[in-house]
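# Working through the structure, step by step
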Amino acid sequence: MGKKKFINQVDMKIAVIGDEDTVTGMVLAGIGHVDGQGKKNFLIVDSKTHQRQVEEAFHDFTTRKDICMVLITQGCADDIRMAVDSYSASGAVVPTVLEIPSKEQPYDPRKDAIMQRVAFFMPTAMAAMGLEDA
């Protein structure tokens, strides 16, 4: 019997869900990983990608033991907002889900769960950015 490999902090990976430009940039920066079974830690979302595929990838990334962070473009997060919000409400810290802007859509901090927490603990933070309270 082979040894079971223990996953430590060095073995943790970052997953990416987003448009082709965002994912390509992240993969070129070194985030991309494909294991021996063809399992990837990224998903390119385009007009042909069904919402169910994005939701399944999000669920897969948030349940994998080797993923410590999930970067998702805000446009993709909006498509699966219920899944993202339910994960945020679960209180799970690892993997952390971060919404990032994309080229096609401007970033809206009022939709981001992290920024909603910032606004909760620092009520003046959103006003300082020129936005109304979330």
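Structure's up top.
No experiment lies behind these values; they were computed from the predicted model shown. (Residues numbered from 1 in each chain as written. Predicted model: local features only at pLDDT ≥ 70, side-chain atom pairs only at ≥ 80, totals over all residues. Heavy atoms only, no water.)

## What about the overall build of the protein chain?
Note the threshold: Where helices and strands are cited, they refer to DSSP runs of H or I of at least four residues and of E of at least two residues respectively, numbered from the N terminus. Should any heavy atoms of two residues lie within 4.5 Å, those residues are counted as being in contact. Surface accessibility in these figures is a Shrake-Rupley result with a 1.4 Å probe; residues are shielded only by whichever protein chains are displayed.
A tally of regular secondary structure across the protein chain gives 6 helices and 4 strands. Starting at the N terminus, the α and β elements of the protein chain follow one another as β-α-β-α-β-α-α-β-α-α. In the protein chain, of all internal contacts separated by at least 6 residues, the share reaching a separation of at least 24 is 61%. With the model as given, the accessible surface of the protein chain reaches about 8900 Å², and the carbon-plus-sulfur share is 58%.

## Thoughts on the side chain of Thr22
Within the secondary structure, Thr22 sits in helix 1 (residues 20-28). Beyond its immediate sequence surroundings of up to four residues, Thr22 is in contact with Thr73, Ile100 and Ser102.

## Section: the pairing of strand 1 (residues 13-18)
Let me state the cut-off plainly: Exposure categories follow from relative accessible area, calculated using a 1.4 Å probe and restricted to protein chains: below 20% of the type maximum is buried, above 50% is exposed, and the middle band is partly exposed. Pairing between strands is defined by DSSP: at least two bridges between the two strands are required. For a crossover, the right-handed case is the one in which the path from the first strand over the helix to the second runs clockwise, viewed with the strands pointing away from the viewer.
With 5 of 6 residues buried, strand 1 lies mostly within the body of the structure. Inspection of the sheet shows strand 1 paired to strand 2 (residues 42-44) by 3 bridges, in the parallel sense. Following the sheet pairing, Gly18 is matched in strand 2 by Ile44. Tracing the backbone out of strand 1, into helix 1 and back to the parallel element strand 2 gives a crossover that is right-handed.

## Here we look at the sheet that holds strand 2
Which entries qualify depends on this criterion: Only the contacting stretch of a helix is used when fitting its axis, a line to C-alpha atoms as for every element, and angles between N-to-C directions run 0 to 180 degrees.
Taken in spatial order, the 4 strands of this open sheet run 2-1-3-4, and their pairing is parallel. Each edge of the sheet is formed by a strand with only one pairing partner; in this case those strands are strand 2 and strand 4 (96-100). Strand-to-strand twist across the sheet, computed as the mean angle between neighbouring axes with direction ignored, equals 20°. In the sheet, strand 1 pairs with strand 3 (residues 67-73) via 5 bridges, with the strands oriented parallel. Its bridge partner being in strand 3, Lys13 is matched across the sheet by Ile67.

## What to know about helix 1
Our working definition: Distance and chemistry together define a polar contact, namely a pair of N or O atoms within 3.5 Å, with one atom able to donate a hydrogen and the other to accept it when in protein, and with adjacent residues in sequence counting only for side-chain atoms on both sides.
Near the N-terminus of helix 1, the side chain that reaches the backbone nitrogen of Asp21, with its oxygen 3.3 Å away, is that of Asp19. Of the residues one or two after helix 1, Gly30 is the one with positive phi, at around 110°.

## Observations concerning a nonpolar patch on the surface
Where we set the bar: Residues qualify for a patch when their relative accessible area is over 30% and they have no salt bridge, like charges being joined within 9 Å and the nonpolar side chains of Val, Leu, Ile, Met, Phe, Trp and Tyr within 5 Å. What counts as a salt bridge is simple: a side-chain nitrogen of Lys or Arg found within 4 Å of a carboxyl oxygen of Asp or Glu.
The grouping of Phe120, Phe121 and Met122 at the surface amounts to a nonpolar patch, some 420 Å² of accessible area in total. Looking at the element boundaries, Phe120 is found in helix 5 (residues 113-121). The exposure class assigned to Phe120 is exposed, which follows from its relative accessible area of 64%.

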